[in-house]
Amino acid sequence: MRVEAIIVAAGKGERFNKDRHKQFYPLRGKPILWWTVRRFEECRVIDKIIVVIPQGMKDYAEKIALFFECEKIKELVEGGEEREDSVFQGLKTVEEDTDIVVIHDGVRPLISHHLIEKVIQETEKEGAVSLGIPVKETIKRVNKDNIVVKTIERENLYSIQTPQGFKRDIIWEAHMKKGDSKKKTDDDALLVERLGKRVRIIPGDERNIKITTQQDLKLAEFFLKEINRCV
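Numbering of residues begins from 1 in every chain and follows the order in which that chain's sequence is written. For a predicted model such as this one, the threshold for reporting local features is a pLDDT of at least 70, and the threshold for listing and counting side-chain atom pairs is 80 or more; totals across whole chains, interfaces and linings nevertheless cover every residue. Side-chain measures were taken over the full set of non-hydrogen atoms in the model, leaving aside hydrogen atoms and water.

> Any chance you could break down the nonpolar core for me, citing the residues and the numbers?
Take the buried residues of types Ala, Val, Leu, Ile, Met, Phe, Trp, Tyr and Cys, join any two whose side-chain atoms come within 4.5 Å, and each joined set is a nonpolar core. Each residue is assigned to one of three classes by its accessible area relative to the maximum for its type, calculated with a 1.4 Å probe on protein chains only: buried under 20%, partly exposed between the two thresholds, exposed over 50%. Counting residues in hydrophobic clusters, the biggest one holds 44 residues, and the most contacted among them are Val 37, Phe 40, Ile 46, Ile 49, Val 51, Ile 73 and Val 102. Per element, the largest residue contribution to this core is six residues, and it comes from helix α1 (residues 32-41). We call two residues in contact when some of their heavy atoms are within 4.5 Å. Residues within four places of Val 37 in sequence aside, it is in contact with Ile 7, Ile 49, Val 51, Cys 70 and Ile 73. Counting 20 residues, the second largest nonpolar core, distinct from the first, contains Ala 10, Val 52, Leu 91 and Val 101. Helix numbering and strand numbering both begin at the N terminus, where a helix is a DSSP run of H or I of at least 4 residues and a strand a DSSP run of E of at least 2.

> Describe in detail the packing of aromatic side chains, supporting the description with residues and values.
Centres within 6.5 Å are what make two rings of Phe, Tyr or Trp a pair, Trp counting through its six-membered ring; a difference in plane orientation under 30 degrees is then read as stacked, over 60 as edge-to-face, and the rest as tilted. Applying the stated rule across the entire model yields four aromatic pairs. Measuring from centroid to centroid gives 5.9 Å for Phe 222 and Phe 223, while their planes differ by 50 degrees, and the two rings are tilted. Positioned over the ring face of Trp 34 is Lys 30, at 5.1 Å from the centre of the ring. In this structure, Arg 168 is placed above the aromatic ring of Trp 172, and the distance from its NZ or CZ to the ring centre is 5.8 Å. By definition, being over a ring means that NZ of Lys or CZ of Arg is both within 6 Å of the ring centre and within 35 degrees of the ring normal.

> Go over the sheet that holds strand β10 (residues 158-167) with me, naming the residues and quoting the values.
Strand pairing is assigned whenever DSSP detects at least two bridges linking the two strands. Taken in spatial order, the seven strands make up an open sheet running β5-β4-β1-β6-β10-β7-β11, and their pairing is mixed. Edge positions in the sheet fall to β5 (73-78) and β11 (200-203), since each of these pairs with one other strand and no more. In this sheet, adjacent strand axes meet at a mean angle of 25 degrees when their direction is disregarded. Pairing analysis gives five bridges linking strand β4 (residues 48-53) to β5, with the strands arranged parallel. Within the sheet, the bridge partner assigned to Ile 50 lies in β5 and is Glu 75. Inter-axis angles, ranging from 0 to 180 degrees, are taken between N-to-C directions of lines fitted to C-alpha atoms, where helices are fitted over the stretch in contact. On top of the sheet, helix α5 (residues 168-177) reaches β6 (100-105) and β10; it is set at about 110 degrees to β10, its chief contact.

Put into structure tokens, the structure is as follows:
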């Protein structure tokens, strides 16, 4: 079975730092993106890594990949305007004989090898899989004036994480059939749902955070220390 990983790191991350792409911001002395790539680099079931980067950053990303010896990176692809456009640019470089594609956020550097392998195992059986953790807080929907219009029962609600795994033909069809739809999404599983296909949710990890703010960076540093201490 051949498995390829698309790591999506084409965003600007302006909420994190307007002067620097957050995926290249240092985390314990190395770019956040490097930590993410290493998780897949060291995972024995990953055959190829495709990294989708911001436009105009290819030379810089190549230097990082070379300097940090990321040997499984076979493609560095410039992304598009939206996340789904960036994913599609990556999908176009997936080999035709690939069985499974896993898609992961470039700023989730704490994903474990175990969860990557679990996603792949379940994708082989189910066709489409996403990590998720149960929602703990009460969720309320409000109107434009921030007045509560509905309190949503949190039972059966999940906060979605990546990687998400798909059989290659399923995710390819999902992106091809979205066409010129104005309904943009940052969730690849939703595109599969729109095909009428089911997506299985499997348990994620509280430590598999997406670095969006400076506070998230501090939390990631803490988790890395804890992980290294246990190794």
